[in-house]
Structure formats: C-alpha cells, structure tokens
Amino acid sequence: MSKVNEILEAVKGLTVLELAELVKAFEEEFGVTAAAPVAVAAAAPAATGGAAAAAEEKTEFDVILASAGDKKINVIKVVREITGLGLKEAKELVDGAPKPVKEKVGKEEAESIKAKLEEAGATVELK
C-alpha cells in the first residue's frame, strides 16, 4: 500500500493542468477514458473557491419580465422592440410573465433593457 499512498500524495501536489496531462497519459497508455472522474475532479476545486469567484465576475445576465404592470400595451411594444418578436409572440411573453425577455446578455445591455421595460411600467429582474 505504500506505493499507492506515494502516488496519491504526488497527485495531490499536481496543478489542474498537470492533472489533465496525467489523465491524458493514462488514457493513451491504457486505452481507457476517464471522462466521469475528470469531471468530478475538475468540479471539486471549482466548488470550493471557484463558485465565489464566478459570482463576483458574472458577465452574462438574463433579463426576466416579472410582471407587465398596469401598462401592458406599452410593455408589449417595448418587448417587441427589444426582441424583434411579432405582436402575438410578444403578447404571449408578456401574458406569461414571469418569463425571460433576453438571456445571456452583457451587463450594460441588461441594464438598458431593464430601464426600458421599467419605464414602460413593467417589473423586471436581472439574474
């Protein structure tokens, strides 16, 4: 068992890049694939410190129409302008709120869309 412990200690000291190279070498040497273990090994470091960093550096936002408010017609007009949808599709989106209006947009664009929709009387969330 001492060899196994030595190998484990050596693997613990590897960087993620070195670990990826090691896995690739194992796959080539023994003709196997380690897709699931690699995903688990890569997910473990991300879960510890990467999740907090990802939350701070969020670059893509979803603009969610929470409710149309009292001025539904104005909101439908703005939704059509933003999305390029037809009248029927824009009305269905507004009637079906809460629904995403635009997904995976930059922060500036998301803020702009939110301002336009709120000006028309809608309630909007950024996620």
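Residues numbered from 1 in each chain as written. Predicted model: local features only at pLDDT ≥ 70, side-chain atom pairs only at ≥ 80, totals over all residues. Heavy atoms only, no water.

For clarity, the threshold we go by: UniProt positions are given in the numbering used here, feature names are shortened, and annotations may be inferred rather than shown by experiment.
An unreviewed UniProt entry annotates the chain as Large ribosomal subunit protein bL12 of Thermincola ferriacetica. The heading Function (unreviewed entry) in the UniProt record of the chain holds the text "Forms part of the ribosomal stalk which helps the ribosome interact with GTP-bound translation factors. Is thus essential for accurate translation."

### A short note on the nonpolar core
Spelled out, the test is: Buried Ala, Val, Leu, Ile, Met, Phe, Trp, Tyr and Cys residues that are joined via side-chain atoms within 4.5 Å together make up what is termed a nonpolar core. Summary of the burial criterion: residues with accessible area below 20% of their type's maximum are buried, those above 50% are exposed, and those between are partly exposed, where the area comes from a 1.4 Å probe applied to protein chains only. Secondary structure counts use DSSP, requiring at least four H or I residues in a row for a helix and at least two E residues in a row for a strand, with both numbered from the N terminus.
In terms of nonpolar packing, the biggest core is built from 20 residues, with Val63, Leu65, Val75, Val79, Val94 and Leu117 touching the most fellow members. For this core, the secondary structure elements donating two or more residues are strand E1 (61–67), helix H4 (72–83), helix H5 (87–95), strand E2 (99–105) and helix H6 (107–119). Looking at this core element by element, the count peaks at five residues for H4.

### Points about the pattern of salt bridges
The following threshold applies: By convention in these notes, a salt bridge is any Lys or Arg side-chain nitrogen within 4 Å of a carboxyl oxygen on Asp or Glu.
Taken as a whole and judged by the stated rule, the model has six salt bridges. In this structure, the salt-bridge partner of Glu81 is Lys116, at a minimum N-O distance of 3.4 Å. Separated by 35 residues along the polypeptide, Glu81 in helix H4 and Lys116 in helix H6 bring together distant segments of the chain. A salt bridge links Glu109 to Lys102; its shortest N-O distance comes to 3.6 Å. The exposure class of Glu109 is partly exposed, given its relative accessible area of 37%. Members of the salt-bridge network, linked through shared partners, are Lys72, Lys91 and Asp95.

### Notes on the packing of H4 against H5
Operational definition: Here an axis means a line fitted to C-alpha atoms, over the contact stretch when the element is a helix, while the angle between two N-to-C directions is reported on a 0 to 180 degree scale. Here is the rule for angles: anything less than 35 degrees is roughly parallel, anything more than 145 is roughly antiparallel, 65 through 115 is roughly perpendicular, and the remaining ranges are oblique. Each crossing is labelled by how the near helix is turned from the far one, with a counterclockwise turn of less than a right angle marking it left-handed and a clockwise turn marking it right-handed. Contacts between residues were defined by any pair of non-hydrogen atoms, one from each residue, lying within 4.5 Å. In this classification, Asp, Glu, Lys and Arg are treated as charged, Ala, Val, Leu, Ile, Met, Phe, Trp, Tyr, Cys and Pro as nonpolar, and every other residue, Gly included, as polar.
Direction vectors running N to C along H4 and H5 enclose 120°, while the axes themselves pass 9 Å from each other. Judged by the inter-axis angle, H4 sits oblique to H5. Two packed elements cross with a definite hand, and for H4 against H5 that hand is right-handed. Together, Lys72, Val75, Ile76, Val79 and Arg80 of H4 and Leu87, Ala90, Lys91, Leu93, Val94 and Asp95 of H5 make up the contact between the two elements. A class-by-class count of the residues in the contact of H4 with H5 yields seven nonpolar, no polar and four charged.

### Describing the sheet that holds strand E3 (residues 123–126)
Sheets are built from strands that pair by backbone hydrogen bonding, the pairs being arranged parallel or antiparallel. The condition that has to hold: Strand pairing requires that DSSP identify at least two bridges connecting the strands.
As summarised here, the arrangement of the three strands in space is E2-E1-E3, forming an open sheet in which the pairing is antiparallel. The open sheet is flanked by E2 and E3, the only strands paired with a single partner. Strand-to-strand twist across the sheet, computed as the mean angle between neighbouring axes with direction ignored, equals 20°. One ladder, built from four bridges, connects E1 with E2; its direction is antiparallel.

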